[in-house]
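Each chain, letter by letter, is given below.
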Amino acid sequence: MRKYSTKFKTKNLLIGLDNKPKNFVIDINGIKIAGKNFIVIAGPCAAESKNQLLSTARAVKKSGANVFRAGLFKPRTSPYNFGGLGEKGLELLKLVKEQTGLPIITEAMSLEQLNLVSDFADIIQIGSRNMYNYPLLIAAGKQKKPVLLKRGFSATIEELLLAAEYIASQGNKKIILCERGIRTFADYTRNTLDLSAVPILKKLTYLPVIVDPSHATGQRELIEPLSLAGAACGADGLMVEVHNCPEKALSDGQQSLSFKEFKRLMKKIKKIIKALKNPK
Ligand code: PEP
Ligand code: MN
């Protein structure tokens with residue numbers, strides 16, 4: 001039988017459950033993430049245009065999303081694919097925030113990008129590919145904005161937690177963990193969503209854990225069922241890709257929901273959350 005480890009302990013780590021700081025809370029412009037609220041981060045994979053961003057932000061806000069996502073710097077597998085608007089897109093994201101009031105999360109892949117986005121973004125995203133980028137983790141720990149740390153697609157739970165510890169060790173404990181699927185032999189989906197990571201992480205750390213069914217599955221049809229499952233497993237929130245016209249998206253359109261699909265998902269999610277709060 002394949003060996004597996006359940007021995008990893010977090011007692012001596014800053015992020016360990018036993019070492020939860022008093023009144024620990026991650027406050028994002030008044031939205032508190034600390035085990036009570038369920039947060040929904042939604043928006044396109046990449047920022048493309050003013051109209052795309054504003055229409056999507058308005059639609060997701062109307063359906064109940066709390067945070068708007070859009071990448072300016074995209075870690076694309078092929079160098080020939082759309083790599084994002086880069087610095088030019090900063091003004092567009094500022095406009096979205098101004099017009100909708102939604103907090104913004106965006107990814108930084110390098111120290112330079114971190115400096116650029118940490119001034120205005122409300123949450124800094126460190127993506128799956130950079131979970132092992134220790135200089136980036138250290139720099140994210142030295143600045144004050146909350147960090148969303150995505151699980152590396154071949155990272156164990158131990159490695160994910162130790163990556164978070166890198167950030168915390170520099171003074172920033174405002175870290176949200178994100179299960180976004182890992183690479184397995186299963187090839188029907190883009191990755192395999194490791195839902196057991198959610199309750200396991202909750203036993204090991206006080207950091208909030210969210211689920212990203214878009215990158216986990218790569219398929220629009222699977223986003224709803226896996227979002228509902230993530231919520232039922234005790235996740236603190238979701239990150240879902242939504243696009244004003246998924247068929248024409250410059251990246252990840254096949255795993256992006258339309259406005260209508262997102263609205264339906266939110267209705268169902270609210271029911272699950274309510275049922276979990278009132279089990280009778
Ligand atoms: C993303 O969320 O934009 C992204 C690139 O995801 P991941 O890092 O999980 O691949
Ligand atoms: Mn994407």
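No experiment lies behind these values; they were computed from the predicted model shown.

> Quick rundown of the site of ligand 1? Include the residues and the values.
Surrounding ligand 1, one finds Arg69, Lys74, Pro75, Glu107, Gln125, Gly127, Ser128, Arg129, Lys150, Arg180, His215 and Met239. Taking Lys74, its side chain carries an N or O atom lying 2.8 Å from an oxygen atom of ligand 1. Take Arg129: an N or O atom from its side chain is 3.0 Å from an oxygen atom of ligand 1. Taking 290 Å² as the accessible area of ligand 1 by itself, protein coverage stands at 97%. A class-by-class count of the residues in the shell around ligand 1 yields 2 nonpolar, 4 polar and 6 charged.

> So what's going on with the coordination of the manganese ion (ligand 2)? Residues and values would help.
Around the manganese ion (ligand 2), the donor atoms from the protein are Cys45 (SG), His215 (NE2), Glu241 (OE) and Asp252 (OD), and they sit 2.0 to 2.3 Å away. Binding-site remark: the manganese ion (ligand 2) is held by donors from one chain whose sequence spacing is C-x169-H-x25-E-x10-D. Here Asp252 lies in the loop between strand 10 (237–241) and helix 9 (259–277) and His215 lies in helix 7 (residues 213–217), a separation of 37 residues in the sequence. Since its relative accessible area comes to 9%, His215 is described here as buried.

> Describe helix 8 (residues 220–232), naming the residues involved and giving the relevant values.
Within an α-helix, residues lying three or four positions from one another point in the same direction, as the helix has 3.6 residues per turn. Within helix 8 the residues assigned to the buried category are Arg220, Ile223, Glu224, Ser227, Leu228, Gly230 and Ala231. Where helix 8 is buried, its residues contact strand 9 (209–211), helix 7, strand 10 and helix 9. Of the residues trailing helix 8, Gly234 is marked for its positive phi of about 100°.

> Describe in detail the packing of aromatic side chains, supporting the description with residues and values.
Tallied over the entire structure, the rule returns 2 aromatic pairs. Relative to Tyr206, the ring of Phe24 lies with its centre 4.8 Å away and its plane at 75°, an arrangement referred to as edge-to-face. Within this pair, whereas Phe24 is found in the segment before strand 1 (26–28), its partner Tyr206 is found in the loop between helix 6 (197–204) and strand 9, the two being separated by 182 residues in sequence. Residue Phe24 is classed as buried on the basis of its relative accessible area, which comes to 11%. Given the relative accessible area of 8%, Tyr206 is considered buried. Ring geometry for Tyr134 versus Tyr166: centroids 4.4 Å apart, planes at 25°, classification stacked.

> So what's going on with unusual backbone geometry? Which residues, and what values?
Most of the time, phi is negative for any residue but glycine, and the peptide bond is trans. Even without glycine at this site, Asn23 takes up a positive phi of about 55°. Within the secondary structure layout, Asn23 lies in the segment before strand 1. Positive phi is not limited to glycine here, since Asp252 has a value of about 55°.

Conventions we followed
Residues numbered from 1 in each chain as written. Chains lettered and ligands numbered in written order. Predicted model: local features only at pLDDT ≥ 70, side-chain atom pairs only at ≥ 80, totals over all residues. Heavy atoms only, no water. Near = heavy atom within 4 Å. Polar contact = N/O pair within 3.5 Å; in protein donor to acceptor, adjacent residues only side chain to side chain. Areas by Shrake-Rupley, 256 points an atom, 1.4 Å probe, with all protein chains shown as cover. Nonpolar A, V, L, I, M, F, W, Y, C, P; charged D, E, K, R; others polar. Donors = N, O, S within 2.8 Å, 3.2 Å for Na, K, Ca; no water. Helix = DSSP H or I, 4+ residues; strand = E, 2+ residues; numbered from the N terminus. Buried < 20%, exposed > 50% of the residue type's maximum accessible area, 1.4 Å probe, protein only. Contact = heavy atoms within 4.5 Å. Phe/Tyr/Trp six-rings, centres within 6.5 Å; stacked < 30°, edge-to-face > 60°.

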